[in-house]
Amino acid sequence: MIKCIKCDSDISESAKFCSSCGAKVERRCTSCSATLPLAAKFCAECGTPVDTTEASIHRTDIDIATSLKSVSLEVEVNSVVARGPDTQNEFCFEINASAKNQGLDTVYFFLVNTQVFNSSGLVIADNRDSYDQEILPGDLFEFETSIWSVKSELLGTDPEGAVVVISVMTATGEKSEIFKGKLNGKEYDVLPVTIESSSNPLVVAGSYWESKPDDDQDVYVESRILVQNQTSDYFPQAKLYMELFSNTGELINESENDIEVVAGGVASISLSSMAQKNDLKGGSLKLFLRSNKLVGLGYAKSQYVSIAASDNEDNDLSGSKSIYIKTEPGGKVLFGRLSDEDAARLEDAVMSQEMTDDLMELRYNSSGEFREYEGVFNQGEEGDFGNEGSITFDPDGPIQLPKDEDGNLLDGSYLVYLSLSKVSIEFEFSPQGGYFDVDKFTEVSVPVILPDCVQHGLYGHPHFNVVIDYQYDGESIEEYDRELVDRGYDDQTSFVVVKSGQPQIVYSNYNGEESWDKVS
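Rules used throughout
Residues numbered from 1 in each chain as written. Predicted model: local features only at pLDDT ≥ 70, side-chain atom pairs only at ≥ 80, totals over all residues. Heavy atoms only, no water. Salt bridge = Lys/Arg side-chain N within 4 Å of Asp/Glu carboxyl O. Helix = DSSP H or I, 4+ residues; strand = E, 2+ residues; numbered from the N terminus. Buried < 20%, exposed > 50% of the residue type's maximum accessible area, 1.4 Å probe, protein only. Pairing = 2+ DSSP bridges. Axes fitted to C-alpha atoms, helices over the stretch in contact; angles between N-to-C directions. Polar contact = N/O pair within 3.5 Å; in protein donor to acceptor, adjacent residues only side chain to side chain. Core = buried A, V, L, I, M, F, W, Y, C linked by side-chain atoms within 4.5 Å. Contact = heavy atoms within 4.5 Å. 1 Å grid on protein atoms, 1.4 Å probe; cavity = no way out; pocket = protein on both sides within 12 Å on 5 of 7 lines; lining within 4 Å. Points joined across faces, edges and corners; volume = space filled by probe spheres on them. Nonpolar A, V, L, I, M, F, W, Y, C, P; charged D, E, K, R; others polar. Phe/Tyr/Trp six-rings, centres within 6.5 Å; stacked < 30°, edge-to-face > 60°. Expected span 1.5 Å × (residues − 1). Arc of directions from axis to C-beta.

Under the defined criterion, the tally for this structure stands at 14 salt bridges. The partner of E361 in a salt bridge is K212, with the nearest N and O atoms 3.1 Å apart. Here E361 is found in the loop between α5 (357-360) and β21 (371-375), whereas its partner K212 is found in the loop between β13 (202-210) and β14 (218-229), with 149 residues between them in sequence. For the salt bridge of E341 with R345, the shortest nitrogen-to-oxygen distance reads 2.8 Å. Taken as a pair, E341 and R345 lie in helix α4 (residues 340-352) at a separation of 4 residues, close to a single helical turn. For E341, a relative accessible area of 52% translates into the label exposed. The exposure class of R345 is partly exposed, given its relative accessible area of 31%. Residues joined in a network through salt bridges with shared partners are E341, D342, R345 and D358.

Strands sit in the order β9-β6-β5-β19 across an open sheet of 4 strands; the sheet is mixed. Both outer strands of the open sheet, β9 (140-151) and β19 (306-308), are each paired with one neighbouring strand and no more. Between one strand axis and the next, the sheet turns by 25° as a mean value, whatever way the strands run. Where strand β6 (residues 90-101) lies against β9, 10 bridges are found, and the strand directions are antiparallel. Along β9, the bridge assignment pairs F93 with I147.

Its place among the elements puts S445 in strand β25 (residues 441-449). With a relative accessible area of 0%, S445 lands in the buried category. Here N378 takes part through its side chain, which lies 3.1 Å from a polar atom of the side chain of S445.

With that out of the way, let us pick up the nonpolar core. Note on soluble globular proteins: their nonpolar side chains tend to be buried together. Counting 29 residues, the largest nonpolar core has F93, I95, F110, F143, V150, I166 and V168 as the members making the most contacts within it. At the level of elements, β5 (73-83), β6, β7 (107-117), β8 (123-135), β9 and β10 (163-172) are the ones that each hand at least two residues to this core. Ignoring any residue separated from it by four or fewer positions in sequence, one finds F110 in contact with A99, D129, S130, Y131, Q133, I135, F141, V168, M169 and T170. Grouped together as the second largest cluster of nonpolar side chains are 25 residues, F179, L202, L244 and L285 included.

So, on to the layout of surface pockets. Looking at the second largest pocket, its volume works out to about 1,300 Å³. As for the second largest pocket, its lining consists of 42 residues, of which Y220, E222, Y364, Y417 and D491 are closest to the centre. Elements with a minimum of two residues in the lining of the second largest pocket: β14, β16 (251-261), β17 (266-276), α5, β21, β24 (412-429), β29 (490-499) and β30 (502-510). Among the elements that make up the lining of the second largest pocket, the one with the highest residue count is β14 (4 residues). Taken together, the residues that form the lining of the second largest pocket break down as 12 nonpolar, 13 polar and 17 charged.

This part covers the pairing of β30. Counting buried positions along β30 gives 7 out of 9 residues, so the element sits mostly inside the fold. With 8 bridges connecting them, β29 and β30 associate as antiparallel partners. From the neighbouring strand, V496 faces β30, where its bridge partner is I505. Hairpin connection, β29 to β30: the antiparallel pair is bridged by 2 residues, and S500 has positive phi, about 55°. Sheet analysis places β30 next to strand β31 (residues 513-516), joined by 4 bridges and oriented antiparallel.

Moving on, we get to the packing of aromatic side chains. Using the criterion set out here, one finds 16 aromatic pairs in the structure. An angle of 90° between the planes, with centres 4.9 Å apart, marks the rings of Y470 and Y480 as edge-to-face. You can see Y470 sitting in strand β26 (residues 463-472) and its partner Y480 sitting in the loop between β27 (475-476) and β28 (485-486), a full 10 residues away along the chain. For Y470, a relative accessible area of 0% translates into the label buried. Residue Y480 is classed as buried on the basis of its relative accessible area, which comes to 3%. With centroids separated by 6.2 Å and ring planes inclined at 45°, the aromatic side chains of F495 and Y507 adopt a geometry described as tilted.

With that settled, consider α4. In this model, α4 (13 residues) spans 19 Å end to end at C-alpha, consistent with the 18 Å of a helix rising 1.5 Å per residue. Taken together, the buried positions of α4 are D342, L346, A349 and V350. End-on view of α4: buried residues confined to an arc of 100°, all on one side of the axis. Exposed side of α4, more than 90 degrees from the buried face: D340, E341, E347, D348 and M351 are the residues found there.

In this section: the pairing of β24. By the criterion of burial, β24 is predominantly enclosed, with 15 of the 18 residues buried. In terms of strand pairing, strand β20 (residues 321-337) meets β24 through 15 bridges, oriented antiparallel. Across the sheet, the residue bridging to R337 is Y414, located in β24. By the bridge criterion, 9 bridges tie β24 to β29 in an arrangement that is antiparallel. Bridge assignment links G412 to a residue of β29, and that residue is V498. With 2 bridges joining them, β24 and β28 adopt antiparallel strand pairing. Across the sheet, residue S424 finds its bridge partner in β28, namely V485.

Here we take up unusual backbone geometry. For the bond from G84 to P85, the omega torsion is -5°, close enough to zero to count as cis. Note that P85 resides in the loop between β5 and β6. Cis rather than trans, the peptide bond between E328 and P329 has omega equal to 5°. Structurally, P329 can be placed in strand β20. Of note in the backbone geometry, Y188 takes a positive phi value of approximately 55° without being a glycine.

Before going further, it helps to examine the environment of Q133. Looking at the element boundaries, Q133 is found in strand β8. By relative accessible area, which is 32% here, Q133 ends up partly exposed. Residues Q133 and F110, 23 residues apart in the sequence, show an inter-C-alpha distance of 7.0 Å. Beyond its immediate stretch of four places on either side in the chain, Q133 contacts V107, Y108, F109, F110 and F141.

Here it is in structure tokens:
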């Protein structure tokens, strides 16, 4: 017996049509996707030998979703619409699904993995989404997800034969207060986060401090927390909350961030909240942690895919174009050469191994003397395809240590500040003429070319381009507002000294953790 690719019913290997849904039983060449007779041993179009185990193997890849159901979670794929092909010969899969909490616990977090299989049973696209959602036992959670830019060539000659498989994990945990500390009003005075006892299954330690007030007297209270999982459990989400209070106990501001923690793993979470200096005077902060442990697991697959026209009801592919780009890492890059005065201060700081506030504040670039860029990242050379369009380099050139006419690095002191995270941008615009032509869409980028000694504590050596603008047909797209959605930044501040043409890191600060090295 084999499975019908349309309705999943059992059918005889000799059958030509499914007795349940009437679908034609077909086999396709794995090389050219041509339709094959059931008894064929070679493809009549390209001569490729036919693997007689193909159908059962590929169907097993899909049917694994229905054989691993969890008793605590019921997942259903309600509808799948594949819109396309568009002018780039691509489809967008729009999926509506639901998950019912059949367990005894209230769940607070959903992690959804989605895969698209073509009609031959081969996976061709995937996506991962997460949702902070409280669902009581017995309640239903409906959600939508999209998978963009699926090439029609990958779908083959039967797009309607594609199958979407969704796996959902749910997690739950109690939110508990883990720390309460005083705010002393001192700039960059790093204070410890210590926890004497906690019912939380994750072990937490870290630090917090207050920044220097800016021109508006706003102060950032920042915290860096290490979370260690000493259990054998998997925590899809460890969510940290920070609340700021005035000296009268009034809540001023709050923030939150989360991260995944595997069994035995260690992860870092950063938090930042802003408030007026006067409001924080004599105030305090509280930290809370919700350790959401995996409690539910469910799978489902679609029974059919509906094909719909791309972009609008007129089927002419005209109208607006939506751009959504997510990269990890992405964020802010700041670079520049120190003045002679600041270089002398850096030399004194290295000798005493005491960093000064004046030098650390250079990363805020209040004077505007440093080059500073923020955006999602891409990789490649000019003319290569980036995230959604071709890469074009900004005329100001790359971020790199300057060289003399012989190609040797110029001696001097330099600041490199990398504030990185998983980030995304999203905007929508109307292409001139109504039709989107990918060849006219460009990503204006600044290459980051720094010596190997420059390392980010989480993402390693920076080797990317910062996308600073988007253009269509040579004109900047006004709808791009440069607003980044982030997951919490990890900050790396490095001072580089070049002596006799050799670069060396003399000071490094990753999320408050310092390291020093004297100039050799």
